[in-house]
Amino acid sequence: MNLATRKGTRRQALAAGVALLAGLPAITTTAQAVIPQYTFLRGWGGAGDTDGRFDGPRGVAVYGNRVYVADSFNNRIQQFTRTGEFIDAWGTEGSGNGEFDRPGAVAIDQDGLVYVVDTLNHRIQVFSKSGQFIRAFGSQGSGNGQFSDPWGVAIGRNGRIYVSDSSNNRVQEFNRNGRFRTSWGRRGDAPGLFDIPRGITVDRQGRIYVVDSGNDRIQVFRADGVFLRTWGEQGTANGSFQDPRDIAVDSGGRVLVTDTGNARVQVFARGGRYLTQLTPRNVTTSDFDPTGITVDATDRVYIADTANDRVDMFTMTLS
């Protein structure tokens, strides 16, 4: 036993002794993991282009009692209640204001403004919660404020907007009005570099989580783009990924990742420790193609099940 180990052992023994004298439980260094349990609640949709049906849904977001879904190949946004009842839809194919070419991720700020990644028009469009066009920013290119196949969008503190600019292998940051502020990343596999970044989200502490799809990993950054940590590698084992797509963080700091190539959603502690997963066994059919993901204020999980043209909804409990 080395000196550091002996000191650590004495500190633990002293803490336990003091706790016993005080009539308190002894302090230990190993925390008991709390594993979340997910139960399929309902799904809605089906293939088609009529109200409430989908053709390749990709992004999903929740605001209050409303669920917004990017119905990608139908080039529209659909709005539902949290029980899956259709409310409204807007958008059509095109490049004008309020038109889309393969809309992807959706994010909603604290004022209810809806941000949509208009992927093949290489821009972000902003709408009211009822679908009225407000503004757009971005164009095709590699300059500051330009995009090449953007994929994800997230809203951070002070209304800052973060966009995963996939084919430019970077994250760009904008103010709430869409004015460029900064960016970070380039192509590579070292920490802080990307190979097709896709999903992006911000936790309650302002940390930014990015799905680095081509590198089959998650990267975490400070709000100013400073690299913090990474986890994951290519594979099928727990904690490994195959073409991950999107990411969400729940109220307890648990990180949910759509591991699309492995047909599952993996759940991690905030530091990257594997906890559990959702697989086809969790849904009512044998097929599961999770792409977009979000959680609401009660930690219910909503998944854009793309190839199956539906939204899957799950409840979460702690064991």
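Since the model is a prediction, treat every value here as computed from it, not as a measurement. (Residues numbered from 1 in each chain as written. Predicted model: local features only at pLDDT ≥ 70, side-chain atom pairs only at ≥ 80, totals over all residues. Heavy atoms only, no water.)

*Asks:* Would you mind showing me how to read the sheet that holds strand 5 (residues 86-90) here?
*Replies:* In sheet architecture, strand pairing relies on hydrogen bonds along the backbone and comes in two forms, parallel and antiparallel. In space, the four strands of this open sheet follow the order 2-3-4-5, with antiparallel pairing throughout. The open sheet has two edge strands, strand 2 (57-63) and strand 5, and neither has a second partner. Here the average twist between neighbouring strands, direction ignored, is 20°. (Pairing = 2+ DSSP bridges. Helix = DSSP H or I, 4+ residues; strand = E, 2+ residues; numbered from the N terminus. Axes fitted to C-alpha atoms, helices over the stretch in contact; angles between N-to-C directions.)

*Asks:* Looking at this structure, how should I read the confidence of the model for the protein?
*Replies:* Reading predicted coordinates in detail is not appropriate for stretches of low pLDDT. Of all residues in the protein, 88% have pLDDT values of 70 or greater, and the mean over the chain is 90. Here residues 1-31 is a poorly scored stretch, pLDDT under 50, and it has eight contacts once near neighbours within four places are set aside; other chains count. (pLDDT = per-residue confidence, 0-100. Contact = heavy atoms within 4.5 Å.)

*Asks:* So what exactly am I meant to see when it comes to the side chain of threonine 81 here?
*Replies:* By the element assignment, threonine 81 lies in strand 4 (residues 76-81). In contact with threonine 81, not counting residues within four places along its chain, are Trp44, Asn65, Arg66, Val67 and Ile87.

*Asks:* Would you mind going over the nonpolar core with me for this structure?
*Replies:* Soluble globular proteins tend to pack their nonpolar side chains together in the buried interior. In terms of nonpolar packing, the biggest core is built from 15 residues, with Tyr38, Leu256, Val265, Leu278, Ile293, Val301 and Ile303 touching the most fellow members. Broken down by secondary-structure element, the contributors of at least two residues to this core are strand 20 (264-268), strand 21 (274-278), strand 22 (290-295), strand 23 (301-305) and strand 24 (310-318). Among residues more than four places away in sequence, those in contact with isoleucine 303 are Val265, Leu278, Phe288, Pro290, Thr291, Gly292, Ile293, Arg310, Val311, Asp312 and Phe314. Counting residues in each nonpolar core, the second largest holds 13 residues, with Tyr115, Ile124, Phe147 and Val163 among its members. (Core = buried A, V, L, I, M, F, W, Y, C linked by side-chain atoms within 4.5 Å. Buried < 20%, exposed > 50% of the residue type's maximum accessible area, 1.4 Å probe, protein only.)

*Asks:* Please explain the sheet that holds strand 17 (residues 227-231) as it appears in this structure.
*Replies:* Strand order across the open sheet formed by four strands is 14-15-16-17, with antiparallel pairing between neighbours. Edge positions in the sheet fall to strand 14 (197-202) and strand 17, since each of these pairs with one other strand and no more. In this sheet, neighbouring strand axes are inclined to one another by 20° on average, regardless of whether the strands run parallel or antiparallel. Where strand 15 (residues 208-212) lies against strand 16 (residues 217-221), five bridges are found, and the strand directions are antiparallel. Considered in strand 16, the bridge of isoleucine 208 is made with phenylalanine 221.

*Asks:* Could you clarify how one ought to interpret unusual backbone geometry in this entry?
*Replies:* Working note: non-glycine residues mostly have negative phi, and peptide bonds are mostly trans. In this structure, asparagine 75 is a non-glycine residue whose phi angle is positive, near 50°. Note that asparagine 75 resides in the loop between strand 3 (66-71) and strand 4. Exposure remark for asparagine 75: the relative accessible area of 2% places this residue in the buried category.

*Asks:* Looking at this model, I keep getting lost on the side chain of aspartate 118. Mind explaining?
*Replies:* Looking at where aspartate 118 falls in the secondary structure, it is placed in strand 7 (residues 114-118). At 2.8 Å, the side chain of aspartate 118 and the backbone nitrogen of aspartate 101 are in polar contact. Non-local contacts of aspartate 118, meaning those with residues more than four positions away in its chain, are made with Glu99, Phe100, Asp101, Arg102, Pro103, Arg123 and Gln125. (Polar contact = N/O pair within 3.5 Å; in protein donor to acceptor, adjacent residues only side chain to side chain.)

*Asks:* Would you mind going over the packing of aromatic side chains with me for this structure?
*Replies:* One pair of aromatic rings is described through two measures. These are the centre distance and the angle between the planes. Considering all chains together, one arrives at 18 aromatic pairs under this definition. Both rings, one in phenylalanine 127 and one in phenylalanine 133, keep their centres 6.0 Å apart while their planes meet at 75°; by these two values the pair is edge-to-face. On the accessibility criterion, phenylalanine 127 (1% relative accessible area) is buried. With relative accessibility at 30%, the residue phenylalanine 133 sits in the partly exposed group. Among the aromatic side chains, those forming a connected cluster through ring pairs are Tyr68, Trp90, Phe100, Phe127 and Phe133. Arginine 58 extends its terminal NZ or CZ atom over the ring of tryptophan 151, reaching a point 4.7 Å from the ring centre. (Phe/Tyr/Trp six-rings, centres within 6.5 Å; stacked < 30°, edge-to-face > 60°. Lys NZ or Arg CZ within 6 Å of the ring centre and 35° of its normal.)

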